[in-house]
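Okay, here's what each chain looks like letter by letter:
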Amino acid sequence: MNKQELVASVAEKAKLSKKDAEQAVNAVVESIKGALSAKDKVSLVGFGTFEVRARNARKAKNPRTGEEIEIPAGNVPAFRPGKELKDSVE
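Attention here is on the structure that accompanies the text. What you see is a predicted model; the values in this text were computed from it and never measured. (Residues numbered from 1 in each chain as written. Predicted model: local features only at pLDDT ≥ 70, side-chain atom pairs only at ≥ 80, totals over all residues. Heavy atoms only, no water.)

Points about the overall build of the chain
Stage number 1. On a plain count of helices and strands, the chain comes out with three helices and five strands.
Stage number 2. Relative to the 2.2 N^0.38 estimate, which gives 12 Å for 90 residues, the radius of gyration of the chain is 18 Å and therefore markedly larger than a compact globule would have.
Stage number 3. For the chain, the spread of C-alpha atoms along the three principal axes comes to 55 × 30 × 30 Å.
Stage number 4. By residue count, 16% of the 90 residues in the chain fall in the buried class.
Stage number 5. Of the contacts formed within the chain by residues at least 6 apart in sequence, a portion of 31% connects residues at least 24 apart.
Stage number 6. Per element, the accessible surface of the chain, about 7,200 Å² overall, is 54% carbon and sulfur.
Stage number 7. Here the chain holds 17 positive side-chain charges and 13 negative ones, and the gap between their average locations is 2 Å. (Helix = DSSP H or I, 4+ residues; strand = E, 2+ residues; numbered from the N terminus. Rg over C-alpha atoms; globule rule 2.2 N^0.38 Å. Buried < 20%, exposed > 50% of the residue type's maximum accessible area, 1.4 Å probe, protein only. Contact = heavy atoms within 4.5 Å. Areas by Shrake-Rupley, 256 points an atom, 1.4 Å probe, with all protein chains shown as cover. Lys, Arg positive; Asp, Glu negative; His and termini not counted. Charge placed at Lys NZ, Arg CZ, Asp CG, Glu CD.)

Things to note about the nonpolar core
Stage number 1. Core analysis: the largest hydrophobic core is formed by five residues, namely Ile 32, Ala 35, Leu 36, Val 42 and Phe 50.
Stage number 2. Ranked by the residues each element gives to this core, the list is headed by helix H2 (residues 18-37), at three residues.
Stage number 3. When near neighbours in sequence (up to four residues on either side) are disregarded, Phe 50 contacts Ile 32, Leu 36, Asp 40, Lys 41, Val 42, Leu 44, Ala 78 and Phe 79. (Core = buried A, V, L, I, M, F, W, Y, C linked by side-chain atoms within 4.5 Å.)

Shown next, in the form of structure tokens:
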């Protein structure tokens, strides 16, 4: 499912226009991004948790040249699914 299909689904289920549904989807995505950039967690009970995880620096090899390179430490977004979501997929 891509974003337009998600917007159409939200519009249908919430009985909204596609324009309003798109604004709602965009607002949710922007809110999650804002919280993650502030290093906050976003927990949606039954769905899952969005969080920021620290990734350590590491060494890797360039597959083209075989040269070893250093990948710096950084923060990455992560998602941990909730029990309801896990159960619905099985």
